Amino acid sequence: MIAHLDGTVSALAPDGAVIDVGGVGLAVQCTPGTLAGLRLGERTKVATSLTVREDALTLYGFATDDERNVFELLQTASGVGPRLALATLAVHGPDALRIAVASEDLTTLMRVPGIGKKGAQRIVLELKDRLGGAGETSGALPGRPVGAAASPWRDQVRAGLMNLGWAARDAEQAIAAVEPELTGGGEPVDVSIALRAALRQLSTP
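> So what's going on with the pairing of strand 5 (residues 56–62)? Residues and values would help.
In the sheet, strand 3 (residues 24–30) pairs with strand 5 via two bridges, with the strands oriented parallel. Counted as the bridge partner of Gln 29 is Tyr 60 from strand 5. Turn length for the strand 4 (residues 43–53)-strand 5 hairpin, with the two strands adjacent in sequence and antiparallel, is two residues.

> Explain the pattern of salt bridges to me, using residue names and the numbers behind them.
What the rule picks out here adds up to six salt bridges. For Arg 196, the salt bridge is made with Glu 67, and the minimal N-O distance between the two is 2.3 Å. With Arg 196 in helix 9 (residues 191–203) and Glu 67 in helix 2 (residues 65–74), this residue pair connects regions lying 129 residues apart in the sequence. Taking relative accessible area as the criterion, Glu 67 reaches 5% and is therefore assigned buried.

> Before we move on, could you go through a nonpolar patch on the surface and cite the residues and values that matter?
Taken together, the side chains of Ile 2, Leu 50, Val 52 and Leu 57 make up a nonpolar region of the molecular surface, amounting to roughly 360 Å² of accessible area. Residue placement: Ile 2 occurs in the segment before strand 1 (4–13). For Ile 2, a relative accessible area of 34% gives the class partly exposed.

> For helix 3 (residues 82–91), give the residues involved together with the corresponding values.
Counting buried positions along helix 3 gives eight out of 10 residues, so the element sits mostly inside the fold. Along helix 3, the residues that are buried comprise Pro 82, Leu 84, Ala 85, Leu 86, Thr 88, Leu 89, Ala 90 and Val 91.

> An account of the confidence of the model for the chain is requested, with residue identities and associated values reported.
With 89% of its residues at a pLDDT of 70 or more, the chain shows a mean pLDDT of 83. Every residue in residues 138–151 scores below 50 in pLDDT, and together they form 38 contacts with partners more than four places removed in sequence or on other chains.

> Outline the environment of Thr 88, supporting the account with residue identities and numerical values.
Inspection of the secondary structure puts Thr 88 in helix 3. Separated by 23 residues in the primary sequence, Thr 88 and Arg 111 place their C-alpha atoms 8.7 Å from one another.

> Describe in detail the sheet that holds strand 2 (residues 16–21), supporting the description with residues and values.
The five strands are arranged 1-2-3-5-4 in a closed barrel whose pairing can be described as mixed. With direction set aside, neighbouring strand axes in the sheet form an average angle of 55°. Where strand 1 lies against strand 2, five bridges are found, and the strand directions are antiparallel. The residue bridging Val 9 from the neighbouring strand is Ile 19, located in strand 2. Contacting strand 4 and strand 5, helix 2 crosses the sheet at an angle of about 10° to strand 4. Those strands touched by helix 3 are strand 3, strand 4 and strand 5, and its axis lies near 15° from that of strand 5.

Parameters at a glance
Residues numbered from 1 in each chain as written. Predicted model: local features only at pLDDT ≥ 70, side-chain atom pairs only at ≥ 80, totals over all residues. Heavy atoms only, no water. Pairing = 2+ DSSP bridges. Helix = DSSP H or I, 4+ residues; strand = E, 2+ residues; numbered from the N terminus. Salt bridge = Lys/Arg side-chain N within 4 Å of Asp/Glu carboxyl O. Buried < 20%, exposed > 50% of the residue type's maximum accessible area, 1.4 Å probe, protein only. Patch = residues over 30% accessible without salt bridge, like charges linked within 9 Å, V, L, I, M, F, W, Y side chains within 5 Å. Areas by Shrake-Rupley, 256 points an atom, 1.4 Å probe, with all protein chains shown as cover. pLDDT = per-residue confidence, 0-100. Contact = heavy atoms within 4.5 Å. Axes fitted to C-alpha atoms, helices over the stretch in contact; angles between N-to-C directions.

Below, the structure written as structure tokens:
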């Protein structure tokens, strides 16, 4: 298993990045939150999970070990493959997911594109006793910029939303809606948290 990559970001795309490790460019599929913390030409470190299929080898990258572990655990639930697991983490961070599963909050789980009521029920039933409690295992990788102060964070979140297909106007409205809760404490805004909050805002009917 490839547990992590430590190298230079040589390319960025809406759904992933290429990280140059020792002269070899490795393509990784990432959540918007992870991508928001990557900078072209800068060195970074991402936790990874390798999915092996008959016709492809796909590497998934994450800002923290916790995200990678939750990604792999999600796939043990019936009907959840790597793409759906990645989509789940794009909408909900690990702790938000733990809270939703522990409280059997199906509505929150169903905000993820591709998860219906039955799928949400399966996730709760199969993972409720396995995900743990909020804050138990989260933590950024050493040297990883994700979670550091974003400057300017609004532009990074807007770019992330537009890369996912949202119109600039919708992205701006979502950012404006969640900005008070993100900046109320006076602390630097975490881009990945801000992006997830905006995605939840856009997913709310």
